[in-house]
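Chain and residue survey
Now for the letters of each chain:
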Amino acid sequence: MESRLFLFNTLSRTKEVFEPVNPPFVGMYVCGPTVYGDPHLGHARPAICFDLVFRYLQHLGYKVRYVRNITDVGHLEHDLDEGEDKIAKKARLEQLEPMEVAQYYADRYFIFMDALNIKRPSIEPRASGHIIEQVEFVRKILEAGYAYVVNGSVYFDIEKYNKKYNYGKLSGRVLDDLLANTRELEGQDEKHNPADFALWKKAQPEHIMRWPSPWSEGFPGWHLECSAMGTRYLGEFFDIHGGGMDLLFPHHESEIAQNQSALGHESVKYWMHNNMVTINGQKMGKSLGNFITLDEFFSGSHASLAQAYSPMTIRFFILQAHYRSTLDFSNEALQAAEKGLKRLFAAIGVLHKLQPEATGQSHQQSQEIKKLHDACYDAMNDDFNSPIVIANLFEGVRIINSVNDKKESISVEDLELLQKTFNTFVFDILGLKSGSSGDNSEYLKGLMELVLKIRQSSRERKDWGTSDQIRDALQKLEITVKDGKDGSTWELGK
Ligand SMILES: [Zn+2]
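Now for a description of the structure that goes with this document. In this text, all values refer to a predicted model and were calculated from it rather than measured experimentally. (Residues numbered from 1 in each chain as written. Predicted model: local features only at pLDDT ≥ 70, side-chain atom pairs only at ≥ 80, totals over all residues. Heavy atoms only, no water.)

Brief notes about the overall build of the protein
Each helix and strand counted, the protein has 16 helices and 15 strands in total. Overall, the protein is about 85 × 60 × 40 Å in size when its C-alpha atoms are taken along their principal axes. Counting across all 494 residues of the protein, residues that qualify as buried make up 52%. Across the protein, contacts joining residues at least 24 apart in sequence account for 73% of those joining residues at least 6 apart. Total accessible area on the protein stands at roughly 22700 Å², and carbon and sulfur atoms take up 50% of it. (Helix = DSSP H or I, 4+ residues; strand = E, 2+ residues; numbered from the N terminus. Buried < 20%, exposed > 50% of the residue type's maximum accessible area, 1.4 Å probe, protein only. Contact = heavy atoms within 4.5 Å. Areas by Shrake-Rupley, 256 points an atom, 1.4 Å probe, with all protein chains shown as cover.)

Listed below in structure tokens is the structure:
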């Protein structure tokens, strides 16, 4: 069993042994949401993938400080330096304060992430709360000579930077190609070079979100917040920086350039990127308009959905793919995930009722259970390979069912190891929640059937006292019972 953890570093394009800068502490920064709309499946993926990383590092005993930012300012439309701020635009359309929009969607984001059983990060800093740090960062980059001021805006000088360093080292892009392929956009004429990006933008008169700075009243460029907040909370050199692959360029590439310029060195030891969720082979994204929100998944209210899917089905579906593979949405795949999860939890229900036999147990079975346990760790140590963990757990499901069917017996020690493996991997590391498939509706249905059957038999005995007692108790739980000719029915609500 390989006990060292390997992870794929986007920067070196190889799997590297994970050796924290300052063990047992680990600093991890992941780019969070821009809060101007409901989270969709594409947002669930990085949140779940890095939740898996967070949980596993904690399981290994590391003291992890996990920072995930909330972008509430400076992210302009089309991810370029022109156009309206995404949040300000939403605020204008809905006649709200920009901060009302940011608050509303940040709250919504938390509700859905909680439903997916994603652990809250240690710190969730907001860009608008760290303007001072961002202004300071711009000042340092200017002082180092890698930025210039035009009409109150500050731009990063990519050509100058690239003479000494390599702008493109993370994404593999080459500056000459970038220059050839960057469109000259209207209003971009302030830049020396179309590939330069804004560190600080002077606010137009209609722009509401603005702060004072040495250069103008304005707002920070989108890439800047992660440099500033990462340094603020994790120091000048920390372990892991993560995000979706769509952030590789220009966001993370620019972040490297900013840190290198301002601090004189890079800040991140391991860069990790999760792959995209696709729909009909195309990236699912808000700007592409082909997204399905988590709310729609949970309620089944989108035309592309054959049914509602519980939060745990979504979580399991995402974990069934390795984080660096693309994940294509389809009803068939989600239904298969739902079925698989049910099988897994049914087996866990059986597992906790299995009776060991002192005399039972074949030597071969002992080997199998030990192998299964080690294989789960090997898979996690091999770049967080959750699909292999799940495949091994299903191997365990086979053993559980076989013992339950009395085809095999199991010793006390083997049963303990099997239970420990399931508890550790299913609940602690994969973060799946117990209770049918994380959705209580099936339980409730079964329970209500039972309660109404008991009530029916009391009515048949003319025991009206018990019958009324049950009805009134249910009423208090906001479950209404209706008695009809063909028996009783129930519904949620008064
Ligand atoms: Zn970021």
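Regarding the sheet that holds strand β13 (residues 327-329)
An order of β12-β11-β13 is seen for the 3 strands of this open sheet, with the pairing classed as mixed. Each of the sheet's edge strands pairs with one partner strand only, and the pair in question is β12 (282-283) and β13. Taken together, the 2 bridges between strand β11 (residues 277-279) and β12 define a ladder with antiparallel strand orientation. Within β12, the residue paired with Thr278 across the bridge is Lys283. (Pairing = 2+ DSSP bridges.)

Considering the coordination of the zinc ion
Distances from the zinc ion to its protein donors, Cys31 (SG), Cys226 (SG) and His251 (NE2), fall at 2.0 to 2.2 Å. Binding-site remark: the zinc ion is held by donors from one chain whose sequence spacing is C-x194-C-x24-H. Residue Cys226 is located in helix α7 (residues 224-234), and its partner His251 is located in helix α8 (residues 248-263); the two are separated by 25 residues in the primary sequence. Of the two residues examined, Cys226 and His251, each falls in the buried class. (Donors = N, O, S within 2.8 Å, 3.2 Å for Na, K, Ca; no water.)

Side note on the pattern of salt bridges
Under the definition given, this model contains 23 salt bridges. Ionic pairing is found between Arg232 and Glu133, a salt bridge with its closest N-O pair at 3.2 Å. Here Glu133 lies in helix α4 (residues 131-144) and Arg232 lies in helix α7, a separation of 99 residues in the sequence. According to the relative accessible area criterion, Glu133 is partly exposed, its value standing at 23%. Where Arg324 meets Asp383, a salt bridge forms, and the shortest distance between an N and an O atom there is 2.8 Å. With a gap of 59 residues between them, Arg324 in the loop between α10 (311-319) and β13 and Asp383 in the loop between α12 (363-381) and α13 (386-404) connect regions that are remote in the sequence. Asp383 gets classed as buried once you look at its relative accessible area, which sits at 0%. Salt bridges sharing common partners tie together Asp38, Arg108 and Asp295. (Salt bridge = Lys/Arg side-chain N within 4 Å of Asp/Glu carboxyl O.)

A word on helix α16 (residues 464-476)
Look at α16: 18 Å from first C-alpha to last across 13 residues, which is about the 18 Å you get at 1.5 Å a residue. Among the residues making up α16, those that are buried are Ser467, Ile470 and Leu474. Taken down its axis, α16 places every buried residue within 65 degrees of arc, on the same side. Among the exposed residues of α16, those oriented more than 90 degrees off its buried face are Gln469 and Lys476. Glu478 lies just past α16 and shows a positive phi near 65 degrees. (Expected span 1.5 Å × (residues − 1). Arc of directions from axis to C-beta.)

So, the pairing of strand β1 (residues 6-9)
Across 4 bridges, the pairing between β1 and strand β2 (residues 14-17) is antiparallel. Across the sheet, Leu7 pairs through a bridge with Glu16, a residue of β2. With antiparallel pairing between neighbouring strands as the criterion, β1 and β2 make up a hairpin whose turn holds 4 residues, including Arg13 at a positive phi of roughly 55 degrees.

Concerning the nonpolar core
Formed by 138 residues in total, the largest nonpolar core has its most connected members in Leu344, Phe384 and Phe422. For this core, the leading source of residues is helix α1 (residues 41-59), giving 11 residues. Ignoring anything within four residues of it in the chain, the contact list for Leu344 reads Phe316, Leu393, Phe394, Val397, Phe422, Val426 and Leu432. Met448, Leu452, Ile470 and Leu474 belong to the second largest nonpolar core, which has 6 residues in total. (Core = buried A, V, L, I, M, F, W, Y, C linked by side-chain atoms within 4.5 Å.)

Here we look at the state of the cysteines
With the rule as written, the count across this model stands at 0 disulfides. Cys49 forms no disulfide, and the closest cysteine sulfur to it belongs to Cys31, at a distance of 14 Å. A relative accessible area of 8% means that Cys49 is categorised as buried. (Disulfide = S-S within 2.5 Å.)

Limitation: the analysis is restricted to geometry and does not speak to function.
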